[in-house]
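Each chain, letter by letter, is given below.
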Amino acid sequence: MYRERDYDVIVIGAGHAGCEAALASSRMGLETCLFTINIDTIAQMSCNPAVGGLAKGHIVREIDALGGEMAKVTDRAGIQFRMLNMSKGPAVWSLRAQADRVLYRLAMRQSIESQKNLDIKQALAEKIEVGDGRVKGVLTSLSVFYGARAVIVTTGTFLKGLIHIGLENFSAGRAGEFPSIGLSDSLQNLGLQMGRLKTGTPPRLDAKTIDFSKTEPQYGDDPPQPFSHSTEEITNPQLPCFITYTNPETHSAILNNLDRSPLYSGKIKGIGARYCPSIEDKVVRFAERPRHQVFLEPEGLETQEYYANGIPTSLPYDVQVKFVRTIPGLEAVEIMRPGYAIEYDFVFPAQLQNTLETKDIDGLFLAGQINGTSGYEEAAAQGLMAGINAALKLQGKEPLILGRHEAYIGVLVDDLITKGTNEPYRMFTSRAEYRLLLRHDNADLRLMDRGHAIGLLDDEVYGKFLERKRLINEERERLGKTRVRYNDPSKTETLEQLLKRPELTYAFIDKVSPSHKNLAPVIKKQVEIQIKYDGYIVRQMEVAEKLKKIEGKVIPEDFNYTAVNGLSREVLGKLQEVRPANLGQASRIPGITPAALSLLMVAIERRKREGKDKRTS
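Residues numbered from 1 in each chain as written. Predicted model: local features only at pLDDT ≥ 70, side-chain atom pairs only at ≥ 80, totals over all residues. Heavy atoms only, no water.

**A few points about the overall build of the chain**
Part 1: Counting its secondary structure elements, the chain contains 19 helices and 23 strands.
Part 2: Here the C-alpha radius of gyration of the chain, 26 Å, is about what a compact globule of 617 residues would show, namely 25 Å.
Part 3: Taking the principal axes of its C-alpha atoms as reference, the chain extends roughly 80 × 80 × 50 Å.
Part 4: Counting all 617 residues of the chain, 56% fall into the buried class.
Part 5: A separation threshold of at least 6 residues defines the contact pool for the chain, and within that pool the share at least 24 residues apart is 73%.
Part 6: Just so you have it, the chain exposes about 26500 Å², and 50% of that area is on carbon and sulfur atoms.
Part 7: Side chains of the chain carry 81 positive and 78 negative charges; the gap between the two charge centres is 5 Å. (Helix = DSSP H or I, 4+ residues; strand = E, 2+ residues; numbered from the N terminus. Rg over C-alpha atoms; globule rule 2.2 N^0.38 Å. Buried < 20%, exposed > 50% of the residue type's maximum accessible area, 1.4 Å probe, protein only. Contact = heavy atoms within 4.5 Å. Areas by Shrake-Rupley, 256 points an atom, 1.4 Å probe, with all protein chains shown as cover. Lys, Arg positive; Asp, Glu negative; His and termini not counted. Charge placed at Lys NZ, Arg CZ, Asp CG, Glu CD.)

Printed below as a string of C-alpha cells:
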C-alpha cells in the first residue's frame, strides 16, 4: 500500500451531490479532495438535461441562497427557462430550466478546478478505513491510501450498478462507465444496512430524423428568469421543447412484448420510482389512458440529440425502435442511444443523523442517491448540507440544521432520516407543511443570513441581498402609510389595504402612487406577495413557532428508551432505530402515537429533573 497525502475531507463521487459537497467544504477553508472514476464526467447529467421543476426549483434556489453552485451553473448552461404553475398561488410557482448537457458539465468543472483548497483525483475508491469508530481515510483500487478526518460518499447509481436492456444486463455505474463494487462491500462491512433501487432513462433521438411539424412547440419565458440571485441576465440562445403523445398502437407494441421486459420478467429486483415510472409501467398501470405525453427536449446548442422525456424504458432495443416509431413526429426516427434501467445499492437513510453523518461511524457522511433519493436537485442539496456539516464538525462549530419551516432542504433531510425510504424519494410541494413560507421567491430572505454566517456567501452577494431586503421593508412601510381615495370619494384607504384586493396588482400602485425609487420588478413582486398573503403567512408562522418549541425539546443521545414504561414493542423498535434528536422528529416517525410522545416527554423531563437533583445534592 502506498500512502499519499492526508486531507481534511474526501468526497467520493463527482455527481451533483459530490460537486456541492466538495465546493462547500473547500470554500469553508478545509483541504478537500474530490474522487471521481472519470474526470471527464464531472457533473454529468445522467438523465434528462434539465434542472428544477415543481418543488425541485425551490431546492435549487435554496442551494443558491446558502452559497451552493447548482443555480449559477444552470444559468450559465440554460437554454430554456420556464416558471411553472403561474396560474396558481406563489407557494407552488417553480422555475425549470433546460440545460445544455455539455455546457453544464464544463461550467461545473471550471468552478471545481478553480476552487482553492480543492484537489481532484481520478480514482476508484475501494474501501473506507475506520478505526475506533471513526473514519481514517480511503483506500483506492490501486492500493493508494489517502487519510481524511471526514469522508462524504456521493456515489449516485454506481454502487454495484447493473444496467438492463431487455433480458440482457451488464455491470455499469451508468452507460459506458465502470460500477463501484468494492466500496459497496466496504459500506456493508461497516455495518450499514443496504437495499436495492432502480431507475431508468429513455432513448435519445436524432433530431435530423424527427418531424417537428407533427409536434407542439413549447417555448420558454421571455425574458428568461435566472435561478441564481446573483445572475443578472441569461445570455445563451433559448431553444423550444416539443410535445407529442403515445397512442394505442404504441401501447400495443409495448404490451405485446412485456415478456421481454426485465421489469415484468423478474430480472429487476430493485424498487423503482413511483412518480417517474417506465413507459411499460404506465401502459400497464394506467390501461384506461389512450395516450401519454412525451416531451422532446434538446440536449444542447451544438448537438442533434434529443431526450424523449416521458418514455423511460428497459425494453429490448428492437422493441424500443418499434414503439417509438408509432409516436407522431417520430415515424422515421433514429435512436442514438437506447433507453435502459439501472439497479444500484443504497443505504437506508434512517441510519443518518440530521447532519447526514452516519450515527455509528464518526466522520462518515452520505449524500445523494446513496440515501435513496432521485433527482439532481435532491442530490445537490444533500451534498451541500453534508459538505457544510463536515466542515463545521471539523472546525468544532455547531452544525447547520434546517427546520421543516425554514427550507425544502429541511423537509428533505428530515423525511429521509425520520421516515426513511424503500423507494426512490422525490420532493413535492405537498411534502412541506409550510408551503406558503417556503416559496420560490423568498429563498434569499429565508437562508442568505445562514449562508453568509457559515462563510459560503461572500460580502458582495450578501450586501446586495441586504439592500434588497431594505428596499422591500421600506416599500412595505410606505404602502402601509400612504392613503388614497379609490372608488369611494368619501373615504381613503392605504395602498397596502388596496393591494390586498385580488383584482389589484402592483401595476395599480405604479399608476396611483409610484415609489420615487426605481424599484426592480423582483422587489415589487415580493412586496405584492407579502401583502396579498399576509394573513395566511402569519398563521403559518404561528404554527411554525409551535413546531420550533417541540423541536427544541432535545432527546439526549444516550437516552434509554427501554426505561420508558408503557411503550409498545413496535414504538420502542422504531425509536431505537431512528434515535430522534428531539420530540419534533420523534412525532414524525410513522407509527409513533400521541400517547407514546406523552410518555416520552414525561420520561425526558424526569431525567432532566433527576440530573439537576444529582448536581445540586
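**Overview of the pairing of strand β17 (residues 293-298)**
Part 1: Bridging between strand β16 (residues 241-245) and β17 involves 4 bridges; their strand directions are antiparallel. Paired with I243 across the bridge in β17 is F295.
Part 2: When β17 meets strand β18 (residues 305-309), the two strands line up antiparallel, connected through 4 bridges. The residue of β18 that forms the bridge with P298 is Y306.
Part 3: The hairpin turn running from β17 into β18, its antiparallel successor, is 6 residues long. (Pairing = 2+ DSSP bridges.)

**What about the nonpolar core?**
Part 1: In terms of nonpolar packing, the biggest core is built from 111 residues, with I10, Y104, V151, L364, I388 and I409 touching the most fellow members.
Part 2: Among the elements that make up this core, the one with the highest residue count is helix α9 (residues 376-394) (12 residues).
Part 3: In contact with Y104, other than residues within four places in its own chain, are H16, A43, M45, V51, M70, V73, T74, A77 and A99.
Part 4: By size, the runner-up hydrophobic cluster in this structure holds 23 residues, among which are I254, I279, I327 and L330. (Core = buried A, V, L, I, M, F, W, Y, C linked by side-chain atoms within 4.5 Å.)

**So, the confidence of the model for the chain**
Part 1: Mean pLDDT over the chain: 94, with 99% of residues reaching 70 or higher.
Part 2: pLDDT under 50 marks residues 613-617. Its contacts with residues more than four places away, or in other chains, come to 0 contacts. (pLDDT = per-residue confidence, 0-100.)

**Here we look at the packing of aromatic side chains**
Part 1: Counted under the stated rule, the structure contains 8 aromatic pairs.
Part 2: Judged by centre distance (4.4 Å) and plane angle (45 degrees), the ring pair of F212 and F242 falls under tilted. On the criterion of sequence distance, the pair formed by F212 in the loop between β14 (204-206) and β15 (216-218) and F242 in strand β16 is long-range, its members being 30 residues apart.
Part 3: Here F212 falls in the partly exposed class, since its relative accessible area comes to 22%.
Part 4: Looking at F242, the relative accessible area reads 12%, which means it is buried.
Part 5: Arranged with centres 5.1 Å apart and planes meeting at 75 degrees, the rings of Y486 and F508 form a pair that is edge-to-face. In this pair, Y486 sits in the loop between β22 (483-485) and β23 (492-494) while F508 sits in helix α14 (residues 506-512), placing the two residues 22 residues apart along the sequence.
Part 6: Residue class for F508 comes out buried when judged on its relative accessible area of 12%.
Part 7: The ring centre of Y7 lies 4.0 Å from the NZ or CZ of R5, which sits over that ring.
Part 8: Positioned above the aromatic ring of F286, the side-chain terminus of R289 is 4.7 Å from the ring centre. (Phe/Tyr/Trp six-rings, centres within 6.5 Å; stacked < 30°, edge-to-face > 60°. Lys NZ or Arg CZ within 6 Å of the ring centre and 35° of its normal.)

**Brief notes about the sheet that holds strand β12 (residues 168-171)**
Part 1: Taken in spatial order, the 4 strands of this open sheet run β12-β11-β20-β13, and their pairing is antiparallel. Two strands lie at the open edges of the sheet, namely β12 and β13 (194-201), each paired on one side alone. Within this sheet the neighbouring strands show an average axis-to-axis angle of 25 degrees, counted without direction.
Part 2: Bridge count between strand β11 (residues 162-165) and β12: 4 bridges; the pairing is antiparallel. (Axes fitted to C-alpha atoms, helices over the stretch in contact; angles between N-to-C directions.)

**A closer look at the sheet that holds strand β5 (residues 78-84)**
Part 1: Reading across the sheet, the 3 strands line up as β4-β6-β5 and stay open at both edges, with antiparallel pairing between neighbours. Among the strands making up the open sheet, the edge pair consists of β4 (50-52) and β5. Here the average twist between neighbouring strands, direction ignored, is 15 degrees.
Part 2: Bridge count for β4 against strand β6 (residues 94-99) is 3 bridges, and the pairing is antiparallel. Residue pairing in the sheet places A50 in a bridge with Q98 of β6.
Part 3: Contacts from helix α2 (residues 56-66) reach β4 and β6 within the one sheet, and its direction differs from that of β4 by about 80 degrees.

**A closer look at the state of the cysteines**
Part 1: Per the stated rule, a full pass over the model turns up 0 disulfides.
Part 2: The closest cysteine sulfur to the non-disulfide-bonded C33 is located on C19, 13 Å from its own sulfur.
Part 3: C33 gets classed as buried once you look at its relative accessible area, which sits at 0%. (Disulfide = S-S within 2.5 Å.)

**Here's the deal with helix α3 (residues 70-77)**
Part 1: Across the 8 residues of α3, 6 count as buried, placing the element largely inside the fold.
Part 2: Burial in α3 covers these residues: M70, A71, V73, T74, D75 and A77.

**Section: the domain arrangement of the chain**
Part 1: Assigned domains within the chain: domain 1 (204-343), domain 2 (459-542) and domain 3 (552-616).
Part 2: Taking the mean C-alpha position of each, domain 2 and domain 3 sit 46 Å from one another. (Domains from an automatic or database assignment.)

**Notes on the packing of α2 against helix α11 (residues 443-453)**
Part 1: Between α2 and α11, whose axes approach to 7 Å, the crossing angle comes to 35 degrees. Our pair here, α2 against α11, has a crossing hand that is right-handed. Side by side, α2 and α11 meet where R61, E62, A65 and L66 of the first sit next to A443, D444, R446, L447, M448, R450 and G451 of the second. (Left-handed = near helix turned anticlockwise from the far one by under 90°.)

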